[in-house]
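Architecture and fold: a report
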Number of protein chains: 2
Amino acid sequence: MAERLVVVGGDAAGMSAASQARRLRPDLEIVAFERGGHVSYSACGEPYYVGGLVDSVNRLVVRTPEDFAARGIEVHIRHEVSSIDLDRREVHVTSLDGFESRSVGFDQLIYSTGSRPLRPPDIAGVDSPGVFGLRTLEDAEVLKREADQTPGRVVMVGGGYIGIEMAEAMIDRGWQVTMVTSGRHVLERTLDDRMGELADRAVREYGVELLTEARVTTVEDRQSDHVVSGDGFSLIADLVVIGLGAGPEVELAVAAGIPLGVTGAVAVDDRQATAVPGVWSAGDCAEARHRVSKLPVNILLGTVANKTGRIAGTNIGGGDARFPGVLGTAITRIGPTEISRTGLKVDAAAGSGFAPVIGFARGTVRAGYWPDNAPMAVMVIADKNTGQILGGQIVGGSGAGKRIDVIATAIWAGMTAAELSWVDLAYAPPFSGVWDLIHIAARRAADA
Amino acid sequence: MAERLVVVGGDAAGMSAASQARRLRPDLEIVAFERGGHVSYSACGEPYYVGGLVDSVNRLVVRTPEDFAARGIEVHIRHEVSSIDLDRREVHVTSLDGFESRSVGFDQLIYSTGSRPLRPPDIAGVDSPGVFGLRTLEDAEVLKREADQTPGRVVMVGGGYIGIEMAEAMIDRGWQVTMVTSGRHVLERTLDDRMGELADRAVREYGVELLTEARVTTVEDRQSDHVVSGDGFSLIADLVVIGLGAGPEVELAVAAGIPLGVTGAVAVDDRQATAVPGVWSAGDCAEARHRVSKLPVNILLGTVANKTGRIAGTNIGGGDARFPGVLGTAITRIGPTEISRTGLKVDAAAGSGFAPVIGFARGTVRAGYWPDNAPMAVMVIADKNTGQILGGQIVGGSGAGKRIDVIATAIWAGMTAAELSWVDLAYAPPFSGVWDLIHIAARRAADA
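Residues numbered from 1 in each chain as written. Chains lettered and ligands numbered in written order. Predicted model: local features only at pLDDT ≥ 70, side-chain atom pairs only at ≥ 80, totals over all residues. Heavy atoms only, no water.

What to know about the overall build of chain A
- In terms of regular secondary structure, chain A is built from 12 helices and 25 strands.
- The C-alpha radius of gyration computed for chain A amounts to 23 Å, which stays within 12% of the reference 22 Å derived for 448 residues, consistent with globular compactness.
- Judged by the C-alpha coordinates and their principal axes, chain A covers about 70 × 55 × 35 Å.
- Every one of the 448 residues in chain A was classed for burial, and the buried ones make up 60%.
- Long-range contacts, defined here as pairs at least 24 residues apart, represent 62% of the contacts in chain A between residues at least 6 apart.
- Of the accessible surface of chain A, which amounts to about 16,600 Å², a share of 49% is contributed by carbon and sulfur atoms.
- Both charge centroids of chain A, one from 43 positive and one from 56 negative side chains, sit 5 Å from each other. (Helix = DSSP H or I, 4+ residues; strand = E, 2+ residues; numbered from the N terminus. Rg over C-alpha atoms; globule rule 2.2 N^0.38 Å. Buried < 20%, exposed > 50% of the residue type's maximum accessible area, 1.4 Å probe, protein only. Contact = heavy atoms within 4.5 Å. Areas by Shrake-Rupley, 256 points an atom, 1.4 Å probe, with all protein chains shown as cover. Lys, Arg positive; Asp, Glu negative; His and termini not counted. Charge placed at Lys NZ, Arg CZ, Asp CG, Glu CD.)

Shown next, in the form of structure tokens:
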């Protein structure tokens, strides 16, 4: 009998692992179970579907079960793995349509269940109708139908990436948007205050009413609308969207006895192996090593899911691949303003034993005299003792955001801020100044 | 008496040196002589002034002589240094307006005369009226007046950066543009064939008639128009623009006995010191060390001029700065298509003792399903034996070009293609795919 790989959870990480294992081991039997109605879709594209930029939800599907079948990967959607028996090396699976259950044996298993949205129980009424989250394509379709209604008032609870992207989407659809975040500013977990304040300004300039340091305690469902309230505020909403972040989906792992790490996500080594032989984990549900702090982290990003899935697949396929770590590089936008970040924030840097100093530079995306220009701010965070670059953040107009990749690459290579300040970066007037703002911020960090 | 620094040539390199020396040595007397009518202007912005995007030539002036005077830097425009006497340590200067001459002594001297355009003598009639170059702001003003005439037919001789940018400018002004290049494709000196062909396509798609492997031998001035001809072609033109590149302006240096290097530019060490004590050189007229080949090169870019000028100024000011080298990173555009490159081309890599292999990736700038998308191609060149990244090239739509900086930073840090293929780069659907095309090209180079 052929050796069998069972994939528990068929999104980015699981299907990347399956595809890569298939490339290396044509003989392997591969069976994937996915609770939802789709595998391998772009969750990151959902706000743009709701906002009408992406015209069909099908465009967000990267590969269908049929595509995988053609590669010899058997995919079962709407099939929930209800338990994993590590002793008998089998999973118990229930069809969400037929309700029949069965057991499927495995030789190797990839645990790639992803994340679950945080819906804190301390918000009363958060489960009432008219309150929505955004995670699966099905969620996106539901929200799209809501957005298609006559525009009214929407309250976004949460100021993270989903919050910002959904705020843009709903503004674009003509809705009146209020965003409520408990943070001092939006994206508080990933941006330092100075950059977060620029992000706040961009959010407000795009027409969003933004409440910071405001915690929602109650969502009251009143037939025709909702009242979203907390200490000192009360907002009437036709629609409430919760975007309070997400955590690793580890319920099955805990029940099965697959050990978790300090972050609460599944513990893995740099080959994506769990402590259980033949059981691997990747994506949002698994820990990863932060490349700067060297600490285990649980960063929920599609990039990490794809990369760790590929690493797992290589190793399942008999290779030897090692995941080199994460920086938490991320980018988003609100209207014309791009926001990006990488590495450690100042507080995380200090908490990891560094002596962080900041280099900050403001200017324009393109040459100063360029007519179609936009403001841009860059922050480079470095260690005062060694000069090592620890992190970076950018807020600016079109063309600003992806420049964070330069800082990410510099951090990846272990460069100092002084070294970054001399790198031969590309210049022409439509693209940047002759000294890129990254040069200037890096030099200031080196001199700080 | 105060120590005196004389600046010979007052554009990017010279005035960067002067400004940096001033910061460090408030006591230094600084006198700059510039043959042209402006110091410290953006030559790179000139095509955009001719094209009408930048509305006034004054916007291209970064700092005026008065700005420098306010910092205690004495600037004399339209003053030509006619000779440098290294024994007597003085320069002989002629005012181009009053024609009076004088001698000015120096303790230190920065030789920053820049470049001179190549106007090969083997083109007959190249000096006739109606044939223009583009270098100084005065050239730009002349060309702007020509472009303002009723649009006709312009022939661009040369397929380099100036050629491409002027072609865009003249198309934008309604002219019919023919570009003639002796290369197999445009930008032959900086792009490998595969990317050069994509650049050719972009040039043609923007409406330019492009003749490759065509050498202009004669420009015939016929009262009302010109005939530009060579082997197998003959073009009628109302206006002829020559953009055949440039070489280092070293006439004064040669006459004075300041040694040149193998490239024909002024030889300097990594502190920008020439072989003559107290005499420094920076910018287009000076050599620089290529960071990959380790060979001296003479790359004419504003970025290099600003950086080497700053290095020279720090050392003149008593500091100890060392120029870390160049990659020849550059970017341009033709209409909606961005073209960028860094490091060594394949032929230069082979010529420098490497065993170059190519990783090539094509796709789109943004996520595959993004509506407002554009094609993008990335080439990563690496050494087959060590994996070291040697170069990179990008051709693509809006947002593609500046991504070259990621490859430049990776080369700068000495990374391998395999390492680059895992760097934590930023992803969101409006900006890129979840695997950046740079990842994919790098992986292919690593596997090649």
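Side note on the sheet that holds strand 3 (residues 73-77) of chain A
Residue and element names in this part refer to chain A.
- The strand order across the open sheet built from five strands is 3-2-1-7-18, with neighbouring strands paired in parallel fashion. Every other strand in the sheet has two partners, leaving strand 3 and strand 18 (279-281) as the edge strands with one partner each. For this sheet, the mean inter-axis angle between neighbouring strands, taken without regard to orientation, is 15 degrees.
- Examined bridge by bridge, strand 2 (residues 29-34) and strand 3 share five bridges and lie parallel to one another. Bridge pairing in strand 3 places Ala 32 opposite Val 75.
- Each of strand 1 (4-8), strand 7 (108-111) and strand 18 is contacted by helix 8 (residues 302-316), which is oriented at about 175 degrees to strand 7, the strand it contacts most. (Pairing = 2+ DSSP bridges. Axes fitted to C-alpha atoms, helices over the stretch in contact; angles between N-to-C directions.)

What about the pattern of salt bridges?
- Enumeration according to the criterion identifies 48 salt bridges over all chains in this entry.
- Across the pair A:Arg322 and A:Asp320 runs a salt bridge, and its minimum N-O distance is 3.4 Å.
- You can call A:Arg322 partly exposed: its relative accessible area is 46%.
- On the basis of relative accessible area, A:Asp320 is assigned to the exposed category, the value being 52%.
- For B:Arg88, the salt bridge is made with B:Glu90, and the minimal N-O distance between the two is 3.8 Å.
- By relative accessible area, B:Arg88 is classed as exposed at 60%.
- One continuous salt-bridge network, built from bridges that share partners, spans A:Arg35, A:Glu80, A:Arg116, A:Glu249 and A:Glu251. (Salt bridge = Lys/Arg side-chain N within 4 Å of Asp/Glu carboxyl O.)

Section: the domain arrangement of chain A
Residues and elements named next belong to chain A.
- According to the domain assignment, chain A contains domain 1 (4-42 + 61-116 + 247-316), domain 2 (131-244) and domain 3 (337-447).
- The C-alpha centroid of domain 2 is placed 31 Å from the C-alpha centroid of domain 1.
- Listed as interface residues are nine residues of domain 1 and, on the opposing side, four residues of domain 2.
- Summing the contributions of domain 1 and of domain 2, the shared interface buries around 520 Å²; its carbon and sulfur component is 48%.
- Summed over the shared surface of domain 1 and domain 2, the result is zero salt bridges.
- Summed over the shared surface of domain 1 and domain 2, the result is two residue pairs in polar contact (both at pLDDT 80 or more).
- Among the residues making up the side of domain 1 that touches domain 2, the classes are represented as two nonpolar, five polar and two charged. (Domains from an automatic or database assignment. Buried area = accessible area lost by both parts, 1.4 Å probe. Polar contact = N/O pair within 3.5 Å; in protein donor to acceptor, adjacent residues only side chain to side chain. Nonpolar A, V, L, I, M, F, W, Y, C, P; charged D, E, K, R; others polar.)

As for the interface of chain B and chain A
- In this assembly, 55 residues from chain B lie in contact with 55 residues from chain A.
- Around 5,100 Å² of area is buried between chain B and chain A when both sides are counted, 70% of it from carbon and sulfur atoms.
- It is B:Tyr369, B:Trp422 and B:Asp424 in chain B that bury the most area against chain A; as a group they hold 16% of the surface buried on that side.
- Run the count over chain B and chain A and you get two salt bridges.

Details of the relation of the copies chain B and chain A
- The two copies are related by a screw motion: chain B maps onto chain A through a turn of 180 degrees and a shift of 0.0 Å along the axis, at an RMSD of 0.0 Å. When the rotation and shift are considered jointly, the pair of chain copies conforms to a two-fold rotation axis. Considering only C-alpha atoms, the residue of chain B closest to the rotation axis is B:Val406, which sits at 2.5 Å.
- Comparing interface residues between copies, 100% of those in chain B also lie at the interface in chain A; the contact surface is shared. (Least-squares fit on C-alpha atoms with pLDDT ≥ 70 in both.)

Overview of the sheet that holds strand 14 (residues 225-230) of chain B
Residue and element names in this part refer to chain B.
- What the three strands build is an open sheet, ordered 13-14-15; its pairing is antiparallel. This sheet does not close on itself; its edge strands, each paired only once, are strand 13 (216-222) and strand 15 (233-237). Along the sheet, successive strands turn relative to each other by an average axial angle of 20 degrees, direction set aside.
- Where strand 13 and strand 14 come together, six bridges link them in antiparallel fashion. Each bridged residue has a counterpart across the sheet, and for Val 219 the counterpart in strand 14 is Val 228.

Some thoughts on helix 8 of chain A
Residues and elements named next belong to chain A.
- Its 15 residues place the ends of helix 8 21 Å apart at the C-alpha level, agreeing with the 21 Å of an ideal helix rising 1.5 Å per residue.
- Judged by how many residues are buried, helix 8 sits mostly within the fold: 14 of 15 residues are covered.
- Positive backbone phi, at 100 degrees, marks Gly 318, one or two positions downstream of helix 8. (Expected span 1.5 Å × (residues − 1).)

Observations regarding the environment of B:Tyr48
- With respect to the helices and strands, the residue B:Tyr48 is situated in helix 2 (residues 46-50).
- Judged by its relative accessible area of 2%, B:Tyr48 falls in the buried class.
- In this structure, the C-alpha to C-alpha distance between B:Tyr48 and B:Asn385, residues 337 residues apart in sequence, is 43 Å.
- When sequence neighbours within four positions are dropped, the list of residues in contact with B:Tyr48 reads A:Trp370, A:Pro429, A:Pro430, B:Leu53, B:Val54, B:Glu165, B:Glu168 and B:Arg333.

Describing the packing of helix 1 (residues 12-24) of chain B against helix 8 (residues 302-316) of chain B
Residue and element names in this part refer to chain B.
- Interaxial distance between helix 1 and helix 8 falls to 7 Å at its minimum, and their mutual angle equals 35 degrees. The element helix 1 and its partner helix 8 pack so that their crossing is right-handed. Contacts between helix 1 and helix 8 involve Ala 12, Ala 13, Ser 16, Ala 17, Gln 20, Ala 21, Arg 23 and Leu 24 on the former and, on the latter, Ala 305, Asn 306, Gly 309, Arg 310, Ala 312, Gly 313, Thr 314 and Ile 316.
- Each residue belonging to the contact of helix 1 with helix 8 can be placed in one class, and the counts come to eight nonpolar, six polar and two charged. (Left-handed = near helix turned anticlockwise from the far one by under 90°.)

Re the confidence of the model for chain A
- When the pLDDT values of chain A are averaged, the result is 96; 100% of them are 70 or greater.
- Model confidence for the complex: the whole-complex pTM is 0.97, and ipTM, which rates the interface, is 0.97. (pLDDT = per-residue confidence, 0-100.)

Let's talk about the packing of helix 10 (residues 404-412) of chain A against helix 10 (residues 404-412) of chain B
- Following both chains from N to C, one finds helix 10 of chain A and helix 10 of chain B inclined at 20 degrees, their axes separated by 8 Å at the closest point. Comparing the axis directions of helix 10 of chain A and helix 10 of chain B gives the class roughly parallel. Note that helix 10 of chain A runs across helix 10 of chain B; the crossing there is right-handed. Contacts between helix 10 of chain A and helix 10 of chain B pair A:Asp405, A:Val406, A:Thr409 and A:Ala410 from the former with B:Asp405, B:Val406, B:Thr409 and B:Ala410 from the latter.
- Grouping the constituent residues of the contact of helix 10 of chain A with helix 10 of chain B by class yields four nonpolar, two polar and two charged. (Parallel < 35°, antiparallel > 145°, perpendicular 65-115°, else oblique.)

A few points about the side chain of A:Thr178
- Mapped onto the fold, A:Thr178 is located in strand 11 (residues 176-180).
- Taking relative accessible area as the criterion, A:Thr178 reaches 8% and is therefore assigned buried.

Points about the pairing of strand 4 (residues 79-85) of chain A
- Pairing of strand 4 of chain A with strand 5 (residues 90-95) of chain A, which is carried by six bridges, proceeds in the antiparallel orientation. Considered in strand 5 of chain A, the bridge of A:His79 is made with A:Ser95.

A closer look at the packing of aromatic side chains
- Under the defined criterion, the tally for this structure stands at four aromatic pairs over all chains.
- Look at A:Tyr48 and B:Trp370: their rings are 4.8 Å apart centre to centre, the planes differ by 75 degrees, and that puts the pair in the edge-to-face class. Taken together, the residues span two chains, with A:Tyr48 in helix 2 (residues 46-50) and B:Trp370 in the loop between strand 23 (356-364) and strand 24 (375-383).
- Between the NZ or CZ atom of A:Arg443 and the centre of the ring of A:Trp435, over which it lies, the distance is 4.7 Å.
- A cation sits over an aromatic face here: B:Lys144 above B:Tyr49, 5.2 Å from the ring centre. (Phe/Tyr/Trp six-rings, centres within 6.5 Å; stacked < 30°, edge-to-face > 60°. Lys NZ or Arg CZ within 6 Å of the ring centre and 35° of its normal.)

Some details on the pairing of strand 16 (residues 239-242) of chain A
Residues and elements named next belong to chain A.
- Here strand 16 shows no split at all, with Leu 239 and Val 241 on one side and Val 240 and Ile 242 on the other all buried.
- The pairing of strand 9 (residues 131-132) with strand 16 spans two bridges and is classified as parallel. Bridge pairing in strand 16 links Phe 132 to Val 241.
- Looking at chain direction, strand 10 (residues 153-157) and strand 16 are connected through four bridges and run parallel. From the neighbouring strand, Val 154 faces strand 16, where its bridge partner is Leu 239.

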